[in-house]
Amino acid sequence: MQNLAFVIVTLLAALAISRCNAAATVRMQLTHADAGRGLAARELMQRMALRSKARAARRLSSSASAPVSPGTYDNGVPTTEYLVHLAIGTPPQPVQLTLDTGSDLIWTQCQPCPACFDQALPYFDPSTSSTLSLTSCDSTLCQGLPVASCGSPKFWPNQTCVYTYSYGDKSVTTGFLEVDKFTFVGAGASVPGVAFGCGLFNNGVFKSNETGIAGFGRGPLSLPSQLKVGNFSHCFTAVNGLKPSTVLLDLPADLYKSGRGAVQSTPLIQNPANPTFYYLSLKGITVGSTRLPVPESEFALKNGTGGTIIDSGTAMTSLPTRVYRLVRDAFAAQVKLPVVSGNTTDPYFCLSAPLRAKPYVPKLVLHFEGATMDLPRENYVWLKHYPKRLLIRVKLISSHV
C-alpha cells in the first residue's frame, strides 16, 4: 500500500457532509485529552507525536473492515487527542467521547458492563432512561453496521440488533444498538432518536478518560449524519490549555460574513475504498521560499490507496518518508544550525542554537487545491530553552515505522 500523508489542520475547519436541513446550530464542548494533567510542554509534545505515529502506523498497516480509530501507545500515553462532552437519555447521563473523524459509530460503555475498561464517569445505565428504545436487527440502522446480528434469546433480547465494531489496533466494542435522546452540554439543545452503541464488551487500551467514541465520519451512523447537518466545525483547544473549545454542527451560511480577509476553502475528496475518511487534495509543500521538488502524484489518491487525510485524532502532520526527508533537509539548509544527533527517542527533527539566539525560522506552506495554508510558526516549531542552548523542534513526523 502507498504511504498516506496525514494532514491535520489545527484551525476552525468546516467539513462538508451530505446536505440536509437542520433545525439550528448545535454546540458541544471539546477538551484536550491531556488537559489538567500538569505535564511540561516537552512531555506534551512528545505524547502528541507518539500518538500520531501510532495512529499513522495503524492506518498504514490495517486491513480491518471497520475504520481505524484510537488505539494504544504504552507508558500511559492517551490514545487520542480530543474529548467531546454530551449527555444521553432522560434524565441526561454525562458521557465524554473521543471525537473521531475516522470512524462512524457512536458508542459508550453501558451497565452492567461485564467486560469494560475503567472510566471516571459512571457507566451509562439504559434501564434508567425513559426515552431509550432498542433497535431491531432488520432495521436500516442495524443493516448499516459492518458486523451485526439478531440477539439470541439466551443472551440478548430476541430480534435486537447486536453489533460488533472493531478497529485497526484490534480494539473492539460489542453491545446493543440503541436509540435515545442526546443532550449537548452548554448548548441547552436536545435531539431525540439518535442511534448509538451501548457497549457491554469493550476490549482495547483506552487511556484518555473517554467513555466511548463519537464517530464523526462520512457514514450514516456518524453523529453529523444522524443530526442531518450540512457541515460541522471544530476549533481545537491549545494542548497546554484547560479552557474547552467548541464543536459546531450545521454552521450558518453567513458564518464568515464579518470575518477579516478572504476565506479559503478546498474540496473534500471521497474514496470509495475508505468512504468514512475525509480526503484532501494536497498539491505541494513550500519551506521558506523553496517549493519542494515533489510531484503531486506523491500525495494523490490512486485506486483507493495513498492520498491525504484530515483526521481529528492525529495531532502531528505525518508525511511519507521521502517527502519528510525533503522537508527536513530544506529546513536544516535554511536555518543553518547544527542538527542534534543521536535523537533516537525523540520523534522530532531537532536543531541546536546558542541560548540567546533568535534563529530564523522559515515558513512552512501547504498547497491544497484552491487554498494555500501558511502555517503559524507555533504549529510546526517548538522552542525549548536549556541552561546552555536553545533547542528547536520541528513538529513533523515521518509515516515510516
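None of these values were measured; they are calculated from a predicted model.

What about the overall build of the chain?
Counting its secondary structure elements, the chain contains four helices and 28 strands. Considering the chain as a whole, with its 401 residues, one finds that 54% of them fall into the buried category. Carbon together with sulfur atoms contributes 54% to the accessible area of the chain, which is approximately 17600 Å² in total.

A look at the UniProt feature "active site" (unreviewed entry) in the chain
Here, UniProt's "active site" (unreviewed entry) annotation points to Asp100 and Asp311. Spatial clustering of the annotated residues is evident: they stretch over 212 residues in sequence, but the largest pairwise C-alpha distance comes to 7.5 Å. The topology assignment puts Asp100 in strand S5 (residues 93-100). According to the relative accessible area criterion, Asp100 is buried, its value standing at 1%. For Asp311, the location among the structural elements is in the loop between strand S21 (308-309) and strand S22 (317-319). Residue class for Asp311 comes out buried when judged on its relative accessible area of 2%.

Notes on the confidence of the model for the chain
For the chain, mean pLDDT is 77; residues scoring 70 or higher make up 71% of the total. Note on residues 49-80: pLDDT under 50 across the span, and 112 contacts to partners over four residues away in sequence or across chains.

Focus on the pattern of salt bridges
A complete count under the given rule lists four salt bridges for this structure. A salt bridge links Lys283 to Glu296; its shortest N-O distance comes to 3.5 Å. Linking Lys283 in strand S17 (residues 282-287) with Glu296 in the loop between strand S18 (290-291) and strand S19 (301-302), this pair joins segments that are 13 residues apart in sequence. When its relative accessible area of 25% is taken as the criterion, Lys283 is described as partly exposed. One salt bridge connects Lys363 with Asp374, and the closest N-O pair in it is separated by 3.3 Å. With Lys363 in the loop between strand S23 (349-354) and strand S24 (364-368) and Asp374 in strand S25 (residues 371-374), this residue pair connects regions lying 11 residues apart in the sequence. Lys363 gets classed as partly exposed once you look at its relative accessible area, which sits at 48%. Using a relative accessible area of 38% as the deciding quantity, one classes Asp374 as partly exposed.

Remarks on the sheet that holds S18
Spatially, four strands are ordered S18-S17-S24-S25 in an open sheet, and the strand pairing comes out antiparallel. Two strands in the sheet have a free side with no partner beyond their single neighbour: S18 and S25. Pairing geometry for S24 and S25, over four bridges, is antiparallel. Looking at S25, one finds that His367 is bridged to Thr372. Its contacts with the sheet place helix H4 (residues 321-335) against S17, S18 and S24, and it is angled at close to 25° to S17.

Description of the side chain of His367
With respect to the element layout, His367 can be found in strand S24. Classification of His367 as buried rests on a relative accessible area of 15%. Within polar-contact distance, the side chain of His367 engages the side chain of Thr286 at 2.7 Å. Setting aside chain neighbours within four positions, we find His367 in contact with Ser281, Leu282, Lys283, Gly284, Ile285, Thr286, Arg291 and Thr372.

A short note on the nonpolar core
Among the nonpolar cores identified, the biggest contains 59 residues, and Phe182, Ile285, Val327 and Phe331 are the most heavily contacted of them. Sorting elements by how many residues they give to this core places H4 first, with seven residues. Each of domain 1 (26-60 + 79-249) and domain 2 (268-398) contributes no fewer than three residues to this core. Setting aside chain neighbours within four positions, we find Ile285 in contact with Thr290, Arg291, Leu292, Phe299, Leu319, Val323, Val327, Leu364, Val365, Leu366 and His367. Counting residues in each nonpolar core, the second largest holds 15 residues, with Phe117, Cys161, Tyr165 and Ala195 among its members.

About the thresholds
- Residues numbered from 1 in each chain as written.
- Predicted model: local features only at pLDDT ≥ 70, side-chain atom pairs only at ≥ 80, totals over all residues.
- Heavy atoms only, no water.
- Helix = DSSP H or I, 4+ residues; strand = E, 2+ residues; numbered from the N terminus.
- Buried < 20%, exposed > 50% of the residue type's maximum accessible area, 1.4 Å probe, protein only.
- Areas by Shrake-Rupley, 256 points an atom, 1.4 Å probe, with all protein chains shown as cover.
- UniProt positions renumbered as here; feature names shortened; annotations may be inferred.
- pLDDT = per-residue confidence, 0-100.
- Contact = heavy atoms within 4.5 Å.
- Salt bridge = Lys/Arg side-chain N within 4 Å of Asp/Glu carboxyl O.
- Pairing = 2+ DSSP bridges.
- Axes fitted to C-alpha atoms, helices over the stretch in contact; angles between N-to-C directions.
- Polar contact = N/O pair within 3.5 Å; in protein donor to acceptor, adjacent residues only side chain to side chain.
- Core = buried A, V, L, I, M, F, W, Y, C linked by side-chain atoms within 4.5 Å.
- Domains from an automatic or database assignment.

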